[in-house]
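# Fold and contact review
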Amino acid sequence: MKPLRIERVVRVIETLSDGQFHSGEELGAALGVSRTAISQYIKDVQKLGIDVFRVTGKGYRLSSPLQLLSLPELQELLEEYQEDSTNVALERIVTSTNDRVKHGIKYGISSGHALLAEAQTQGRGRRGKRWLSPFASNLYMSMYWRLEQGMSAAMGLSLVIGTVVAELLSELGVYDVQLKWPNDVIIHDKKIAGVLIELEGQALDTAHVVIGVGLNIAIPSYLSDKIDQPWTDLSQLLPTPIDRNRLAALLIMKTRAALREYGQHGLAAFTARWNRLDRLAKKPVCVIMGDTVIEGIAEGIDDTGALLLSRNGKLERFHAGEVSLRYDA
Ligand code: BTN
């Protein structure tokens, strides 16, 4: 979609977000376009996965109100938490927040810069997977961080972010939050959040890290069978809807705080916290690396964040690979 069209579609969504009826005339007058143009924008709204319907004589309405992210509200909350409120941006629809932040690094954004978006058209997960990113349903956040220790510290950093997200959910009242190495946040073996860390820069220098976090809040039902792994979201786990702006502000604040601590004390400051949440601890697992499958007992992490596996009486370290529980053992 072209920028002007995106802007208009977003304005239609903003108007409809209150869950009330709005006529085609009213929407057209607000945007300075015809009713026919509005009916086209409504189709675009539906393509974004938002359930909007029309009643003759009344106009358009969403099946339920949407809480949109708001930059002023986010900034106010960050100030309340005594956190830098200027180094944050909000977009409505992007390809991927990680891509936008990578682009921003070239144009001089500063460390700690956080970007949120309402929707991603090409959201990415780890291992080349897609991260489905419907509008105003979840959180999609990317942060730039200058990692003075260089690229070798990135593995540890990825575990730190998983820990931050898992602890945040526990503080909000979600039970049984766990981590699956390296940083999948899961509840009863269903994924609720994922972390995608991408690096820019040279191996030995300061690393420029893009930290992407996707957190499921309310996955729309039309997507429920399109996600290729067991998943859950906050709407299934909390008794009342969560304030998305507050959640985003808390995520930004806690992520920055953890990154500062990681810079000062390294992973040692987080190992015990990560271990407390470790889903795989002492369990039979297999690590899949390409065509190779390695079996062993998971023994937590080392001080770089590598997965420790006990095999034939020896501890082996794994820095990469897809790990899963072995139910046959
Ligand atoms: C995973 O596979 O578990 C990682 C998922 C990471 C998704 C987030 S959403 C915000 C950021 N932008 C992306 O394109 N991906 C990450």
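Residues numbered from 1 in each chain as written. Predicted model: local features only at pLDDT ≥ 70, side-chain atom pairs only at ≥ 80, totals over all residues. Heavy atoms only, no water.

The name that an unreviewed UniProt entry assigns to the chain is Bifunctional ligase/repressor BirA, with the source organism given as Pseudidiomarina indica. Under the Catalytic activity (unreviewed entry) heading, UniProt states for the chain: "biotin + L-lysyl-[protein] + ATP = N(6)-biotinyl-L-lysyl-[protein] + AMP + diphosphate + H(+)". Turning to the chain, the UniProt record has this under Sequence similarities (unreviewed entry): "Belongs to the biotin--protein ligase family." (UniProt positions renumbered as here; feature names shortened; annotations may be inferred.)

What follows is about the overall build of the chain. The helix and strand tally for the chain stands at nine helices and 14 strands. Taking 329 residues into account, the globule formula puts the C-alpha radius of gyration at 20 Å, and the chain, at 21 Å, falls close to it. Structurally, the chain occupies a C-alpha span of about 75 × 45 × 35 Å along its principal axes. Looking at the 329 residues of the chain, the share that counts as buried comes to 52%. Excluding contacts between residues fewer than 6 apart, the proportion of contacts in the chain whose partners are at least 24 apart in sequence is 65%. Here the chain holds 38 positive side-chain charges and 39 negative ones, and the gap between their average locations is 5 Å. (Helix = DSSP H or I, 4+ residues; strand = E, 2+ residues; numbered from the N terminus. Rg over C-alpha atoms; globule rule 2.2 N^0.38 Å. Buried < 20%, exposed > 50% of the residue type's maximum accessible area, 1.4 Å probe, protein only. Contact = heavy atoms within 4.5 Å. Lys, Arg positive; Asp, Glu negative; His and termini not counted. Charge placed at Lys NZ, Arg CZ, Asp CG, Glu CD.)

This part takes up the domain arrangement of the chain. Its domain assignment divides the chain into domain 1 (3-62), domain 2 (71-276) and domain 3 (284-325). A C-alpha centroid distance of 25 Å is found between domain 2 and domain 3. Regarding the contact of domain 2 and domain 3, the summed buried area is about 1,100 Å², with carbon and sulfur atoms giving 59% of it. For the pair domain 2 and domain 3, the number of links is one salt bridge. A salt bridge links Arg-127 to Glu-322, with the nearest nitrogen and oxygen atoms 3.3 Å apart. Summed over the shared surface of domain 2 and domain 3, the result is five residue pairs in polar contact (both at pLDDT 80 or more). Broken down by secondary-structure element, the contributors of at least two residues to the side of domain 2 that touches domain 3 are helix H6 (154-171) and helix H9 (268-276). (Domains from an automatic or database assignment. Buried area = accessible area lost by both parts, 1.4 Å probe. Salt bridge = Lys/Arg side-chain N within 4 Å of Asp/Glu carboxyl O. Polar contact = N/O pair within 3.5 Å; in protein donor to acceptor, adjacent residues only side chain to side chain.)

So, about the packing of aromatic side chains. Enumeration according to the criterion identifies one aromatic pair in this entry. Residues Phe-21 and Phe-53 carry aromatic rings whose centres are separated by 6.2 Å and whose planes lie at 90° to one another, so their mutual orientation is edge-to-face. Placement of the pair is Phe-21 in the loop between helix H1 (3-16) and helix H2 (24-31) and Phe-53 in strand E1 (residues 52-55), with a sequence separation of 32 residues. Phe-21 gets classed as partly exposed once you look at its relative accessible area, which sits at 26%. (Phe/Tyr/Trp six-rings, centres within 6.5 Å; stacked < 30°, edge-to-face > 60°.)

This brings us to the sheet that holds strand E10 (residues 284-289). Within a beta sheet, neighbouring strands are joined by backbone hydrogen bonds and run either parallel or antiparallel to one another. Spatially, the five strands line up as an open sheet ordered E13-E12-E11-E10-E14, and their pairing is antiparallel. Across the chains shown, the open sheet's two edge strands, defined by having one partner strand only, are strand E13 (314-318) and strand E14 (322-325). Direction aside, neighbouring strands of the sheet carry axes that sit 45° apart on average. The pairing of strand E11 (residues 292-301) with strand E12 (residues 307-311) spans three bridges and is classified as antiparallel. Looking at E12, one finds that Ile-297 is bridged to Ser-310. (Pairing = 2+ DSSP bridges. Axes fitted to C-alpha atoms, helices over the stretch in contact; angles between N-to-C directions.)

Within the structure, the ligand sits among 19 residues, and Ser-96, Gln-120, Arg-124, Arg-126 and Lys-191 are positioned closest to it. Take Ser-96: an N or O atom from its side chain is 2.8 Å from an oxygen atom of the ligand. One of the backbone nitrogen or oxygen atoms of Arg-124 is found 2.7 Å away from a nitrogen atom of the ligand. Burial of the ligand by the surrounding chains reaches 98%, relative to a free accessible area of 420 Å². At the level of elements, helix H5 (97-106), strand E5 (139-147), strand E8 (190-200) and strand E9 (207-215) are the ones that each hand at least two residues to the shell around the ligand. Considering each element in turn, the shell around the ligand owes the most residues, four residues, to E8. (Near = heavy atom within 4 Å. Areas by Shrake-Rupley, 256 points an atom, 1.4 Å probe, with all protein chains shown as cover.)

This next bit is on the UniProt feature "DNA-binding region" (unreviewed entry) in the chain. In this numbering, the UniProt entry assigns the feature "DNA-binding region" (unreviewed entry) to residues 24-43. Overall, residues 24-43 shows 85% helix and 0% strand. The separation of its end C-alpha atoms is 13 Å.

The strand order across the open sheet formed by seven strands is E3-E4-E5-E9-E8-E7-E6, and the pairing between neighbours is mixed. The open sheet has two free edges, formed respectively by strand E3 (88-94) and strand E6 (177-180), since each of these has just one partner strand. Across the sheet, the axes of successive neighbouring strands diverge by a mean angle of 20°, strand direction being ignored. Here strand E7 (residues 184-187) pairs with E8 via three bridges, running antiparallel. Following the sheet pairing, Val-185 is matched in E8 by Ala-193. With respect to the sheet, H5 is in contact with E3, strand E4 (114-120), E5, E8 and E9, its orientation differing from that of E5 by roughly 35°.

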